[in-house]
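Each chain is listed here by its residues.
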Amino acid sequence: MAYSDKVLDHYNNPRNVGSFSKEDPDIGTGVVGAPECGDVMKLQLKINDRGVIEDARFKTFGCGSAIASSSYVTELVKGKHIDEAIAIKNTVIVKELNLPPVKIHCSVLAEDAIKAAIGDWKKRKGVAQADDPKGEPSRAATGSGE
Amino acid sequence: MKLQCPSCGGQQEPQLICRQCGAPLPAELDCFAALALPRRLTIDPSALEERYHELGRRVHPDRFASSAPRVRAASLAGTALLTRSYRTLRDPASRGLYWLELNGEKLAENNKQVPPELAETVFEVQEQLAELRGAPAGQDGALRREVEARRDELGASMDELREKLAYNFARWDESDGSDRAELVAELKSVLSKIAYLRTLIRDVDRELESPKAA
């Protein structure tokens, strides 16, 4: 099966590979896996107090499509508010990278990683700022379908 | 649900080969039925292999080379089905996955969380592999030995998981169905761990076997 040019580009020149310190309170970490193929994806988001994603890093061990999906996602979420990022659907990734049907689960994995990372950040901030009046997770929470 | 043999008209349970005349039957069969095995997770590998070869001989297209096209087609389809079924059931992990499928369960459903200790191991080992990849040839002896030791540990973990899988198979075979939800969850958990570990071991082996460019 041939990979699309965009997948190959992300695979050969992955953007934002690496990790942030898990101790940094502004970092949300999401680790998700695809048990069908054994791929593991870690996505870390640096989120400021206004809920805007300032930076992103990923480490993915899996096939080219999984690596490309997470690489693309780090570019996609940067500068977005978490409410916007959490609503990102895997179909956006499928379309951008032109993924074939057998690789759609890779894009689902990347979507799940965003949700897990933001969830982790919220959890950590929720503990740290329990009485934050502008915390309004209800709307974002509805975005976690599937 | 009975099936009528198109060759001799004999009525029988759906199976690969007609019990009465030995003609290949055009039946839709699951992997267990194709191999004429009871639907049980615990399978003796040597008995499975024997059954596969025996049925393979009886359904083989060479035996029906001068038969009607309908019979030849059934022989070809039966041979393909038999091989596919054998391959699916031979490996315990793939048998377990197939079992979930037969039971209307999906491995990936509500199952995106990598067990934290396992995720930890994956990232650690992949880190080691990256180091080994980056080390100049000739100066990577210590790193290589570390990775080789890691490979042994991972192999031992895999053996443990396979034992756990066999245990879960036996539990399922003995179950009266009242603990089905728990059995499904357990089976999914073990199968997922095996998948993550298998991918990791594959990556380690590739790195250890890859000739380093000087």
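Quick notes on the rules
- Residues numbered from 1 in each chain as written.
- Chains lettered and ligands numbered in written order.
- Predicted model: local features only at pLDDT ≥ 70, side-chain atom pairs only at ≥ 80, totals over all residues.
- Heavy atoms only, no water.
- Helix = DSSP H or I, 4+ residues; strand = E, 2+ residues; numbered from the N terminus.
- Rg over C-alpha atoms; globule rule 2.2 N^0.38 Å.
- Buried < 20%, exposed > 50% of the residue type's maximum accessible area, 1.4 Å probe, protein only.
- Contact = heavy atoms within 4.5 Å.
- Buried area = accessible area lost by both parts, 1.4 Å probe.
- Salt bridge = Lys/Arg side-chain N within 4 Å of Asp/Glu carboxyl O.
- Polar contact = N/O pair within 3.5 Å; in protein donor to acceptor, adjacent residues only side chain to side chain.
- Nonpolar A, V, L, I, M, F, W, Y, C, P; charged D, E, K, R; others polar.
- Pairing = 2+ DSSP bridges.
- Axes fitted to C-alpha atoms, helices over the stretch in contact; angles between N-to-C directions.
- Expected span 1.5 Å × (residues − 1).
- Domains from an automatic or database assignment.
- pLDDT = per-residue confidence, 0-100.
- Core = buried A, V, L, I, M, F, W, Y, C linked by side-chain atoms within 4.5 Å.
- Arc of directions from axis to C-beta.

**Quick word on the overall build of chain B**
Along the backbone of chain B there are seven helices and two strands. Counting helices and strands in the order they occur from the N terminus, chain B gives β-β-α-α-α-α-α-α-α. The C-alpha atoms of chain B give 23 Å as radius of gyration, which overshoots the globular expectation for 214 residues (17 Å, by more than 25%). Across its three principal axes, chain B shows a C-alpha extent of roughly 70 × 50 × 25 Å. Burial status across chain B gives 42% buried among its 214 residues.

**Considerations on the interface of chain A and chain B**
Each partner contributes residues to the interface: chain A has 16 residues there, and chain B has 15 residues. Together chain A and chain B conceal approximately 1,400 Å² of surface at their shared face, both sides included; 63% is due to carbon and sulfur atoms. For the chain A face of the interface with chain B, the top three residues by lost area are Pro-35, Val-40 and Phe-61 of chain A, together amounting to 41%. Where chain A meets chain B, there are two salt bridges. Residue Glu-127 of chain B is joined to Lys-59 of chain A by a salt bridge in which the shortest nitrogen-to-oxygen separation is 2.9 Å. Here chain A is connected to chain B by six residue pairs in polar contact (both at pLDDT 80 or more). Among the elements of the structure, β1 (27-34), β2 (39-47), β3 (53-61) and α5 (104-128) of chain A are those that each provide at least two residues to the side of chain A that touches chain B. The element best represented in the side of chain A that touches chain B is β1 of chain A, accounting for four residues. When its residues are assigned to classes, the side of chain A that touches chain B shows eight nonpolar, two polar and six charged.

**Topic: the sheet that holds β2 of chain A**
In spatial order, the strands read β1-β2-β3 (chain A); together these three strands make up an open sheet with antiparallel pairing. A strand with exactly one partner marks an edge of an open sheet, and here the two such strands are β1 and β3 of chain A. Strand-to-strand, the axes of this sheet are offset by a mean angle of 15 degrees, without reference to chain direction. Sheet topology note: the β1 of chain A/β2 of chain A ladder contains eight bridges and is antiparallel. When the bridges of β2 of chain A are listed, Ile-27 of chain A appears paired with Lys-46 of chain A. On the sheet, helix α2 (residues 64-77) of chain A packs against β2 and β3 of chain A and is oriented at approximately 175 degrees with respect to β3 of chain A. Its contacts with the sheet put helix α5 (residues 116-134) of chain B on β1, β2 and β3 of chain A, and the angle it makes with β3 of chain A is roughly 80 degrees.

**Details of helix α3 (residues 69-90) of chain B**
Residue and element names in this part refer to chain B. Here α3 contains 22 residues, and its C-alpha end-to-end distance of 31 Å stays within 8% of the 32 Å for a straight helix at 1.5 Å per residue. Those residues of α3 that fall on the buried side of the exposure criterion are Val-71, Ala-74, Ser-75, Gly-78, Leu-81, Leu-82, Thr-83, Ser-85, Tyr-86, Thr-88 and Leu-89. The secondary structure elements touched by the buried residues of α3 are α1 (31-34), α2 (45-59) and α4 (92-102).

**Digging into the domain arrangement of chain B**
A common measure of how large an interface is: the accessible area buried when the components associate. Entries for chain B in the domain assignment read domain 1 (3-90) and domain 2 (116-209). Inter-centroid distance (C-alpha atoms) of domain 1 of chain B to domain 2 of chain B is 36 Å.

**A look at the confidence of the model for chain A**
Looking at chain A, pLDDT values average 86 and 86% of them are 70 or higher. Scored below 50 in pLDDT, residues 130-146 of chain A makes 15 contacts in the model with residues more than four places away or belonging to other chains.

**So, the nonpolar core**
Membership of the largest hydrophobic core comes to 60 residues, with the highest contact counts inside it found for Leu-16, Leu-89 and Leu-187 of chain B. Taken together, the elements giving at least two residues each to this core come down to α1, α2, α3, α4, α5, α6 (141-174) and α7 (180-209) of chain B. If one sorts the elements of this core by residue count, α7 of chain B sits on top with 12 residues. Residue assignment places this core across two domains, with domain 1 (3-90) and domain 2 (116-209) of chain B each supplying three or more. Sequence-distant contacts of Leu-187 of chain B, that is, excluding residues within four places in its chain, are made with Gly-96, Trp-99, Leu-100, Leu-165, Asn-168, Phe-169 and Trp-172 of chain B. Core analysis: the second largest hydrophobic core is formed by 34 residues, Ile-67, Val-73, Ile-86 and Ile-88 of chain A among them.

**Quick word on the environment of Tyr-72 of chain A**
Residue and element names in this part refer to chain A. The topology assignment puts Tyr-72 in helix α2. A residue is classified by how much of its surface remains accessible, and Tyr-72, at 10% relative accessible area, is buried. Separated by 25 residues in sequence, Tyr-72 and Leu-97 have C-alpha atoms that sit 8.4 Å apart. Apart from residues lying up to four places away in sequence, Tyr-72 is in contact with His-10, Val-92, Ile-93, Glu-96 and Leu-97.

**Considering helix α4 (residues 90-97) of chain A**
Restricting attention to buried positions, one finds in α4 of chain A the residues Asn-90, Ile-93, Val-94 and Leu-97 of chain A. In a view along the axis of α4 of chain A, the buried residues occupy a sector of 100 degrees, so they form one face of it.

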